[in-house]
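# Summary of structural features
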Amino acid sequence: MVNWTAVGVGFVVTLILGIIGLYVPFLGLLAPIIGGLVAAYMAGGKYIDGIVNGGLAGGIAGFITALIGFALIGAAVSVLTGYAGAGAVIAIIGAITGFIIGAILGLVGGVIGIAIKGKPAEQPMTEPAPVARESPNIEFSMENIQKCICSTCPVQEESECVKEKLKMMQEMMQSEEKMMPNPEDVPGLYCATGKATCEGLDTEKMCNCVNCPIWAENDLANGKPMGYFCRDGKAM
Ligand code: SF4
Ligand code: SF4
């Protein structure tokens, strides 16, 4: 928050203008304001930064000039009264008063400095957090088994296990009872049930899922894994 370089520059500006102000009316009063303004403008930041940097520049300059001035007055008083402590008390009270007045004027300059420079630009709005995609709930149903095109996929066309399960599944589904097979007996619909239980799949070949109606219906292109559910597990 405190930028000591800026405070130092503001202090020097205040001091120089204060000295010139001994000969120019009102410049002495304006010196801490201008010094505070310079410090705040250099340091930038928010208004609170301007108040701190400007106030310190004006306050320190006020403290030192008042200390010197009141030390001289105090010395004279000490000589005249013969009471050494009087000079020290006058110097200390004068320096503290100088600090307070300089700080008040400096912080006014600090506020002006920030107003001139402009507050830091508002932080850009952070991107809204992406809405988590809900896992698709693909039903293991007769309808979806019939939609699935894994049976025509080149990945599993060489698998004897798949061929056998396909045959058994078709028999079950074409029987009079139209029995519903168990998931492990279906060599497909892996997006719903997970990895294939059969061996002999050649995942070097192209997954067929993108051509499947279930792929489109469940927006699987934006989910994980991207196809190859028989190898990588169910869709999420
Ligand atoms: S999930 Fe994809 S790669 Fe696996 S069998 Fe089905 S279509 Fe082929
Ligand atoms: S998306 Fe792939 S695994 Fe799912 S039903 Fe269609 S072809 Fe079968």
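Residues numbered from 1 in each chain as written. Chains lettered and ligands numbered in written order. Predicted model: local features only at pLDDT ≥ 70, side-chain atom pairs only at ≥ 80, totals over all residues. Heavy atoms only, no water.

## Side note on the site of ligand 1
Around ligand 1, the surrounding shell consists of Cys 150, Cys 153, Val 155, Gln 156, Tyr 190, Cys 207, Asn 208, Cys 209, Tyr 228, Phe 229 and Cys 230. Judged by its atoms lying within 2 Å of the grid points, ligand 1 is housed in the largest cavity. Looking at the shell around ligand 1, its residues break down into nine nonpolar, two polar and no charged. (Near = heavy atom within 4 Å. 1 Å grid on protein atoms, 1.4 Å probe; cavity = no way out; pocket = protein on both sides within 12 Å on 5 of 7 lines; lining within 4 Å. Sits in = over half its atoms within 2 Å of the grid points. Nonpolar A, V, L, I, M, F, W, Y, C, P; charged D, E, K, R; others polar.)

## Topic: the state of the cysteines
Taken as a whole and judged by the stated rule, the model has one disulfide. The disulfide that involves Cys 161 links it to Cys 198, with 1.8 Å between the sulfurs. The sign of the -70 degrees torsion about the S-S bond sets the Cys 161-Cys 198 disulfide as left-handed. Linking Cys 161 in helix H6 (residues 160–174) with Cys 198 in the loop between helix H7 (190–193) and helix H8 (213–217), this pair joins segments that are 37 residues apart in sequence. For Cys 161, a relative accessible area of 27% translates into the label partly exposed. (Disulfide = S-S within 2.5 Å. Helix = DSSP H or I, 4+ residues; strand = E, 2+ residues; numbered from the N terminus. Buried < 20%, exposed > 50% of the residue type's maximum accessible area, 1.4 Å probe, protein only.)

## Quick notes on helix H1 (residues 4–20)
Compared with an ideal rise of 1.5 Å per residue, which puts 17 residues at 24 Å, H1 spans 24 Å between its outermost C-alpha atoms and is within 8% of the ideal. Looking only at H1, the buried set comprises Ala 6, Val 7, Gly 10, Phe 11, Thr 14 and Leu 17. Angularly, the buried residues of H1 cover 140 degrees about the axis, an arc narrow enough to put them on a single face. Among the exposed residues of H1, those pointing more than 90 degrees away from its buried face are Trp 4, Thr 5 and Ile 19. For H1, the secondary structure elements touched by its buried residues are helix H2 (27–43) and helix H3 (47–81). Measuring from the side-chain oxygen of the N-cap residue of H1 to the backbone nitrogen of Thr 5 gives 3.2 Å; that N-cap residue is Asn 3. (Expected span 1.5 Å × (residues − 1). Arc of directions from axis to C-beta. Contact = heavy atoms within 4.5 Å. Polar contact = N/O pair within 3.5 Å; in protein donor to acceptor, adjacent residues only side chain to side chain.)

From the geometry alone we can't say anything about function, so treat these as descriptive.
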